[in-house]
Amino acid sequence: MEKRFVYADNAASTAVSERVLNAMLPFLSESFGNPSSIHRQGRDARRAIENAREQIAECLNCHPSEIYFTSGGTESDWWAVTGYAKAQYEHGKRHIVTTAVEHKAVLEACKKLEKQGFEVTYLKPDGDGIITAEQVENAIRKDTALVTVMYANNEVGTVMPVEEIGRVCKEKGVCFHTDAVQAVGNVKIDVKKQNIAMLSLSGHKIHAMKGIGVLYVRNGTALEAMITGGAQEKGRRAGTENVPAIVGLGEAVKAAYEDFDGRYERTVKVRDRLIDGLIKLGGRLNGSCENRLMGNVNVSFEGFEGETMLLLLDSKGICASGGSACSSGQTEPSHVLTAMGLTAEQARGALRFSIDGGFTAEDADYIIEAMKDIISRLNKMKGL
Ligand SMILES: *Cc1c(COP(=O)(O)O)cnc(C)c1O
């Protein structure tokens, strides 16, 4: 087979799309003014920021005044969890409900709160990685300050029953935050219908820049400021705005919901072609079949090291990940896969291919051929 370059690591980061780049370029050159300035340059920049805010609000079904720009998913998660908990502490609410499969940004924020006197319940998923609304309901107590459950998992692509969880939180009167970094553009989101009070999203997972993100905060939510020292973002997240990145993010979110159904159908088709091919080679699918992100393929090849397979894939021009990008360089099996009940062996042999709308059937076949070759090579080495 002729060597190709296949990028299948979109859950780790995506390329900035041409459309996003073109939207950003004027704000890197002629329209460079400070959005707080009163002159025309400043007003142009301000208008561009407010336009991006409107674009994002429209896709989430919220008011533009509820959109706060941050440096990315990690900051948004950290801000939502620690900033809301701190404001609740004095009211005697010192309990947090989260899950064992969250991104480290949420888990580390919860760990910090534990040191400050909070109690945290880490819900365990089922074998598919799903957390049920019933589990959340049973975990909520009188002193629960916050429920934070991710919308879709970054490793195995499992989509959580967010609407049901939102309903439970509403009934119990508890604030609900969701890390939707992997969900935006892949799932239709409606913060009103789903009763989401806070939602994190990130630019570089949806073809915008690294270092830009959003925290949606429902108006009236008692959230402490992230950074003070200026009037930007209503004084809750001070600092001169990253205008080009913000403009790009607005365009990226908008683009992610155009031709949604068509892209969904095409992507699921090639995703399943890749899954079927890898299962035929002896792989075990991790995560849910039905409640799965359109671009996620996570398969374990038991008895093989993920790192070794990734290096061999790389030599064939294929970019993929193990359990998660953050785990490369460390030998610990993924916390997500082990929470789902996989053995350490199964977790170590996990590969994640995350595809976008540009991924083709030829790309899928190339990966399958490459994996066939890699497995037979590794088997031969084992026999020696
Ligand atoms: C990537 C990711 C983050 C972190 O976002 P950054 O913008 O890279 O800081 C948080 N949560 C999930 C689920 C992610 O996939």
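Details of the structure are given in the entry above.
Undergrad: Would you mind going over the overall build of the protein chain in detail, with residue names and values included?
TA: Scanning the protein chain for helices and strands turns up twelve helices and twelve strands. Taken over the C-alpha trace, the protein chain has a radius of gyration of 21 Å; the compact-globule value for 384 residues is 21 Å, and the two agree within 12%. Seen through its principal axes, the protein chain has C-alpha atoms that stretch 70 × 55 × 35 Å. Classification of the 384 residues of the protein chain by burial places 56% in the buried group. Of the contacts made within the protein chain by residues no fewer than 6 positions apart, 72% connect residues no fewer than 24 positions apart. Accessible surface computed for the protein chain: about 16600 Å², of which carbon and sulfur atoms make up 51%. Here the protein chain holds 46 positive side-chain charges and 50 negative ones, and the gap between their average locations is 2 Å.

Undergrad: Explain the environment of Arg-266 residue by residue, including any values.
TA: Mapping Arg-266 onto the fold places it in helix H8 (residues 260-280). Each C-alpha atom of the pair Arg-266 and Ala-85 lies 41 Å from the other, and the pair is 181 residues apart in sequence. For Arg-266, the side chain forms a polar contact with the side chain of Asp-259, separated by 3.3 Å.

Undergrad: Which residues make up the nonpolar core, and what values go with them?
TA: Leu-60, Val-147, Ile-189 and Leu-249 are the most contacted members of the largest nonpolar core, which has 72 residues in total. Composition of this core by domain shows at least three residues from each of domain 1 (6-15 + 259-383) and domain 2 (18-256). Ile-189 has contacts with Cys-59, Leu-60, Tyr-151, Ala-180, Ala-183, Val-184, Gln-194, Leu-199 and Tyr-257, leaving out every residue within four places of it along the chain. Formed by 30 residues, the second largest nonpolar core is a distinct cluster that contains Val-6, Leu-274, Val-297 and Leu-313.

Undergrad: Account for the site of the ligand, with residues named and values stated.
TA: In the vicinity of the ligand there are 13 residues, among which Thr-74, Asp-179, Gln-182, Ser-202 and Lys-205 approach most closely. Between the ligand and the protein, one listed contact pairs an oxygen atom with a side-chain N or O atom of Thr-74 at 2.6 Å. The separation between an oxygen atom of the ligand and a polar side-chain atom of Gln-182 is 2.7 Å. Taken together, the residues that form the shell around the ligand break down as two nonpolar, eight polar and three charged.

Undergrad: How would you explain the environment of Glu-75 if you had to name every residue and give the values?
TA: Residue placement: Glu-75 occurs in helix H3 (residues 73-89). Classification of Glu-75 as buried rests on a relative accessible area of 10%. Here the alpha-carbon distance between Glu-75 and Arg-273, two residues 198 residues apart in the chain, equals 36 Å.

Undergrad: Describe unusual backbone geometry, with residues and values.
TA: Of note, the phi angle at His-207 is positive, near 70°, even though the residue is not glycine. With respect to the helices and strands, the residue His-207 is situated in the loop between strand E7 (198-202) and strand E8 (213-217). At Glu-233, a residue that is not glycine, the phi angle is positive and equals roughly 50°.

Undergrad: Which residues make up the pairing of strand E12 (residues 350-354), and what values do they have?
TA: Strand residues, when the strand is regular, have side chains that alternate between the two faces of the sheet. Where burial is concerned, most of E12 is hidden: five out of the five residues are buried. As defined by bridge partners, strand E10 (residues 296-300) adjoins E12 across five bridges and the pair is classed as antiparallel. When the bridges of E12 are listed, Val-297 appears paired with Phe-353.

Undergrad: Residue-level account of helix H9 (residues 306-315), with values.
TA: Considered for burial, the residues of H9 that qualify are Gly-306, Met-309, Leu-310, Leu-312 and Leu-313. In a view along the axis of H9, the buried residues occupy a sector of 165°, so they form one face of it. Next to the buried residues of H9 lie strand E11 (318-319), helix H11 (344-348), E12 and helix H12 (361-383). Downstream of H9 by one or two residues, Gly-317 has phi in the positive range, about 85°.

Undergrad: Go over the state of the cysteines, please, and point to the residues and values.
TA: In a disulfide, the sulfur atoms of two cysteines are held together by a covalent bond. Tallied over the entire structure, the rule returns zero disulfides. Cysteine Cys-169 is unpaired, with the sulfur of Cys-175 as its nearest cysteine sulfur at 8.3 Å.

Undergrad: Break down a nonpolar patch on the surface for me, citing the residues and quoting the values.
TA: A cluster of nonpolar side chains, Val-16, Leu-21, Leu-25 and Leu-28, forms an exposed patch at the surface whose accessible area comes to about 330 Å². Along the chain, the position of Leu-28 falls in the loop between helix H1 (18-24) and helix H2 (40-60). Accessibility expressed as a relative area gives 55% for Leu-28, which makes it exposed.

Undergrad: I'd like a rundown of the packing of aromatic side chains, residues and numbers included.
TA: Evaluation of the coordinates by the stated rule reveals four aromatic pairs. With centroids separated by 5.8 Å and ring planes inclined at 85°, the aromatic side chains of Tyr-68 and Trp-79 adopt a geometry described as edge-to-face. Of this pair, Tyr-68 sits in strand E2 (residues 67-70) while Trp-79 is found in helix H3, placing the two residues eleven residues apart along the sequence. There is no split in this pair, since Tyr-68 and Trp-79 are both buried. Between Tyr-257 and Phe-260, the aromatic rings sit 5.8 Å apart at their centres with planes inclined by 15°, giving stacked as the arrangement. Residue classification places Tyr-257 among the buried positions, given a relative accessible area of 19%. By relative accessible area, which is 9% here, Phe-260 ends up buried. Cluster of aromatic residues (ring-pair linked, three or more members): Tyr-257, Phe-260 and Tyr-264.

Conventions we followed
Residues numbered from 1 in each chain as written. Predicted model: local features only at pLDDT ≥ 70, side-chain atom pairs only at ≥ 80, totals over all residues. Heavy atoms only, no water. Helix = DSSP H or I, 4+ residues; strand = E, 2+ residues; numbered from the N terminus. Rg over C-alpha atoms; globule rule 2.2 N^0.38 Å. Buried < 20%, exposed > 50% of the residue type's maximum accessible area, 1.4 Å probe, protein only. Contact = heavy atoms within 4.5 Å. Areas by Shrake-Rupley, 256 points an atom, 1.4 Å probe, with all protein chains shown as cover. Lys, Arg positive; Asp, Glu negative; His and termini not counted. Charge placed at Lys NZ, Arg CZ, Asp CG, Glu CD. Polar contact = N/O pair within 3.5 Å; in protein donor to acceptor, adjacent residues only side chain to side chain. Core = buried A, V, L, I, M, F, W, Y, C linked by side-chain atoms within 4.5 Å. Domains from an automatic or database assignment. Near = heavy atom within 4 Å. Nonpolar A, V, L, I, M, F, W, Y, C, P; charged D, E, K, R; others polar. Pairing = 2+ DSSP bridges. Arc of directions from axis to C-beta. Disulfide = S-S within 2.5 Å. Patch = residues over 30% accessible without salt bridge, like charges linked within 9 Å, V, L, I, M, F, W, Y side chains within 5 Å. Salt bridge = Lys/Arg side-chain N within 4 Å of Asp/Glu carboxyl O. Phe/Tyr/Trp six-rings, centres within 6.5 Å; stacked < 30°, edge-to-face > 60°.

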